[in-house]
Amino acid sequence: MKCSWDGCGKTMKKESISRHIVAVHLSKKTECSGCGKQFARWDSKLRHIKNSKRECSDSEPESPDSKRPRLL
């Protein structure tokens, strides 16, 4: 299924569309303090820091609760 958000068009499973819209289009992004790359999801940022070059892996990841409200 394709995301119908204007300018997106990303293809994913039907059950992932709602999570994608909330995470990518409606939420505040989190940024890597090492390189400045932005992420829609905190777990994506953690994976980036874990797998990145030295300048990013030395950066301190903030808690996911420190900047983003938790969706219930």
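As a reminder, the structure under discussion sits directly above these lines.
Scope of this entry: the structure provided in the associated data block.

Now for the overall build of the chain. Helix and strand counts for the chain stand at 3 helices and 2 strands. For the chain, the succession of helices and strands along the chain, N to C, is α-β-β-α-α. Counting contacts in the chain only where the partners sit at least 6 residues apart, residues at least 24 apart contribute 18% of the total. Carbon and sulfur atoms provide 51% of the accessible area of the chain, an area that totals close to 5600 Å².

Turning to the layout of surface pockets, a few remarks are in order. Volume-wise, the second largest pocket comes out at about 250 Å³. Lining of the second largest pocket is provided by Lys10, Met12, Ser16, Arg19, His20, Ala23, Val24, Ala40, Arg41 and Ser44.

Here we come to the side chain of His20. With respect to the element layout, His20 can be found in helix 1 (residues 17-26). Its relative accessible area of 9% is what places His20 among the buried residues. Ignoring any residue separated from it by four or fewer positions in sequence, one finds His20 in contact with Cys3, Cys8, Lys10, Met12 and His25.

With that out of the way, let us pick up helix 1. Among the residues of helix 1, Ile17, His20 and Ala23 are the ones counted as buried. Buried positions in helix 1, seen along its axis, are confined to an arc of 140° and lie on one side of it. Turned more than 90 degrees away from the buried face of helix 1 sit Ser18 and Leu26, all of them exposed.

Turning to the side chain of Thr30, a few remarks are in order. As for its position among the elements, Thr30 is in strand 1 (residues 30-31). Of note is the side chain of Thr30, whose polar atom sits 3.4 Å from the side chain of Lys45.

Thresholds, definitions, all that
Residues numbered from 1 in each chain as written. Predicted model: local features only at pLDDT ≥ 70, side-chain atom pairs only at ≥ 80, totals over all residues. Heavy atoms only, no water. Helix = DSSP H or I, 4+ residues; strand = E, 2+ residues; numbered from the N terminus. Contact = heavy atoms within 4.5 Å. Areas by Shrake-Rupley, 256 points an atom, 1.4 Å probe, with all protein chains shown as cover. 1 Å grid on protein atoms, 1.4 Å probe; cavity = no way out; pocket = protein on both sides within 12 Å on 5 of 7 lines; lining within 4 Å. Points joined across faces, edges and corners; volume = space filled by probe spheres on them. Buried < 20%, exposed > 50% of the residue type's maximum accessible area, 1.4 Å probe, protein only. Arc of directions from axis to C-beta. Polar contact = N/O pair within 3.5 Å; in protein donor to acceptor, adjacent residues only side chain to side chain.

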